[in-house]
Amino acid sequence: MYAFTIGARRYAFGDLKTLLAKATPPRSGDQLAGIAAESGEERVAAQYALADLLLATFLEEAVVPYEIDEVTRLIIDSHDKAAFAPIAHLTVGGLRDFLLSDAATNQRLAALAPGITPEMAAAVAKISGLQDLMVMAAKCSVVTRFRSTIGLPGRLAVRLQPNHPTDDPRGIAASILDGLLLGAGDAVIGINPATDSPARTHQLLDMLDDIREKLDIPTQSCVLAHVTTTLALMDKRAPVDLVFQSIAGTQDANKSFGIDLALLAEARAAALALRRGTIGDNVMYFETGQGSALSADAHHGVDQQTIEARAYAVARAFKPLLVNTVVGFIGPEYLYDGKQITRAGLEDHFCGKLMGVPMGVDVCYTNHAEADQDDMDTLLALLVAAGVSYVMGVPGADDIMLGYQSTSFHDALAMRDLFGRRPAPEFEAWLARQGLLDAEKRIRPRELPGSFRSLLPQAAASPSFPPLAGEGQGVCRRPQVQAVSPAPPSPASGRVGAPAVRVAKNPSHETQPPADQTSTTAHKPMAVAPPIHSRTHRPRACRRLAGDRAHARRPPRPCPRARRRARTARRSAARGRSRGARPSGPRGRERRP
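Everything quoted here is computed from the prediction, not taken from an experiment.

Caption draft 1: Here's a closer look at the sheet that holds strand S5 (residues 157–160). Spatial strand order, S7-S6-S5-S12: 4 strands in an open sheet with parallel pairing. The sheet is open, and its two edges are formed by strand S7 (221–223) and strand S12 (390–393), each paired on a single side. With strand direction ignored, the average angle separating the axes of adjacent strands in the sheet is 25°. Contacting strand S6 (188–191) and S7, helix H12 (residues 198–215) runs over the sheet at an angle of about 165° to S7.

Caption draft 2: Spotlight on the nonpolar core. Grouped together as the largest cluster of nonpolar side chains are 146 residues, with contacts concentrated most on Phe58, Leu180, Tyr285 and Phe350. Ignoring any residue separated from it by four or fewer positions in sequence, one finds Phe58 in contact with Leu16, Leu20, Leu50, Leu53, Val92, Thr117, Glu119, Met120 and Ala123.

Caption draft 3: Spotlight on the packing of helix H5 (residues 70–77) against helix H17 (residues 304–316). At a minimum axis separation of 10 Å, H5 and H17 run at an interaxial angle of 65°. As far as their axial angle goes, H17 and H5 are roughly perpendicular. The two elements H5 and H17 meet at a crossing, and its hand is left-handed. Residues Val71, Thr72, Leu74 and Ile75 of H5 touch H17, and the partners they reach there are Arg310, Ala313 and Val314. Split by residue class, the contact of H5 with H17 holds 5 nonpolar, 1 polar and 1 charged.

Caption draft 4: Representation of the sheet that holds strand S11 (residues 359–362) in the model. Read from one edge to the other, the open sheet built from 4 strands follows the order S8-S9-S10-S11, with strand pairing classed as parallel. The open sheet has two edge strands with one neighbour each: strand S8 (243–246) and S11. Going across the sheet, the axis of each strand differs from the next one's by a mean of 20°, ignoring polarity. Here 4 bridges tie strand S9 (residues 284–288) to strand S10 (residues 322–326), and the two strands are oriented parallel to one another. In the sheet register, Tyr285 faces S10, and the bridge partner there is Leu322.

Caption draft 5: Looking closely at the pattern of salt bridges. If you walk through the whole model with that rule in mind, you get 22 salt bridges. Across the pair Arg442 and Glu440 runs a salt bridge whose closest N-O atoms are separated by 3.7 Å. For Glu440, a relative accessible area of 58% puts it in the exposed group. If you follow the salt bridges from partner to partner, you end up with Arg147, Asp209, Arg212, Glu213, Asp241 and Arg276 in one network.

Caption draft 6: The arrangement of the packing of aromatic side chains in detail. Evaluation of the coordinates by the stated rule reveals 6 aromatic pairs. Ring centres of Phe4 and Tyr48 lie 4.8 Å apart, and the angle between their planes is 5°; this geometry places the pair in the stacked category. Residue Phe4 is found in strand S1 (residues 2–6), and its partner Tyr48 is found in helix H3 (residues 40–51); the two are separated by 44 residues along the sequence. Phe4 gets classed as partly exposed once you look at its relative accessible area, which sits at 23%. Pairing Phe427 with Trp430 gives two aromatic rings, centres 5.4 Å apart and planes at 35°, and the pair type is tilted. Within this pair, Phe427 and its partner Trp430 are both found in helix H21 (residues 425–433), separated by 3 residues, close to a single helical turn.

What counts, and where the lines are drawn
Residues numbered from 1 in each chain as written. Predicted model: local features only at pLDDT ≥ 70, side-chain atom pairs only at ≥ 80, totals over all residues. Heavy atoms only, no water. Pairing = 2+ DSSP bridges. Helix = DSSP H or I, 4+ residues; strand = E, 2+ residues; numbered from the N terminus. Axes fitted to C-alpha atoms, helices over the stretch in contact; angles between N-to-C directions. Contact = heavy atoms within 4.5 Å. Core = buried A, V, L, I, M, F, W, Y, C linked by side-chain atoms within 4.5 Å. Buried < 20%, exposed > 50% of the residue type's maximum accessible area, 1.4 Å probe, protein only. Parallel < 35°, antiparallel > 145°, perpendicular 65-115°, else oblique. Left-handed = near helix turned anticlockwise from the far one by under 90°. Nonpolar A, V, L, I, M, F, W, Y, C, P; charged D, E, K, R; others polar. Salt bridge = Lys/Arg side-chain N within 4 Å of Asp/Glu carboxyl O. Phe/Tyr/Trp six-rings, centres within 6.5 Å; stacked < 30°, edge-to-face > 60°.

In structure tokens, the structure reads:
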């Protein structure tokens, strides 16, 4: 029993998970589950009681029973008592004070990480403000390696996310080249496939590996299929760099994803056996999100932020290269508006970094949430200031396959310029070799790199690359890609060939190419992008309401009562015309002659 008195009222909390839930700042998911505080005063009382709680309590009382949950067993059995010893005497409030003090250096926090359980990290987050979460997270540095180095101080990596609603290789290739020219892809080039077909996943893996090898890019690729699909493809020696899987913080929630800890261990061992990494062996990529356990009815009465932190314990056990929360993706049922999404993103980032997890964040929202791109701009800036390892790069910030809003290549460029962040060191050196950096080492593409021309035959006919607007005064314009056509499949490998891309010399004056530069393939060219400013050529409000043509909303249907009125009006009009009446008025009313 835990309790705290405010004024004349004493608030009591029956167990640890109830205390954690009542102390959680407001969010729609906990309200949906019926475990949130009933008033602001009760929440404050719970936060006071939680601040006075000894950290050792979390090792004595599990929020999900040890006997029924393998995630709880993982947390307790793998807890490093020696790492925990320096802070074993502290309360939750005392740990927060230490983390905010000058004594909390990066080296000391790295040594403490194995001794901090997810419930401890979540408890500190619940009694911290947004500024506290940023300051504490900025002190943590978690570095991982495969072909590039992720998480170094002063660096910001970007996942290039070239999703396509039909997995069209032409559209995917156009997005990849767009992102590479704007400095995205050092974290990973990762595709969410439209289906979980093993054959299609294999085709996409081959395509990504082919592009990476031809351009000699020091990065890793990933097709975000289910782990069982990836395991089967590794048995066929498919070019798998990273093994992806969505994970959650309880055994039952992971079971709803079709996984358990043993399966993840098997997948990691298979990926390590391929030995594809050049500078490191972090081969796992995990995604998480607040509300996933609740959506599967597998939360065991624990608040969603604590369950999310438990997912980081799962990730930590498998030494991943990348972990990111898709903070606003699950929907407003769990994070209702921009304010809740912002806090959840900073909470997740802090908890993951404190536990020694290489945290990135997909700064995102769905179109039916009470949020917009201004909220995402705010959260993105706060996360970069707090030292986030990587963010997403989505063409136009609009994922036309998954149907949600994220961050664009230009957003990442703006953050790198604003905060002085640089790409991963190996990727930055590659950008320099391609001539994509200016004298101040900023990403400013001036012309199409020669290696890109060799990959894309038609592009070689274009002698120059259009300069950015303002010529070195910012990153507000992208090159105009007029059309993309696929090369014929290779008879030897069966892989889709490299696409052919034309880049207009003057985006504002579109001209037809000479006859000898026209595509020789039988495929109809696919328009990719008109000239645009910043993320997209549409105003933000239009982006939020309309989205891309591939998933634009249909006009709303009238309500049943309106349809009945319309039917009645049509019948009356028909009867009136048979008697010589003429219809008039906006709603089909008749006027007698």
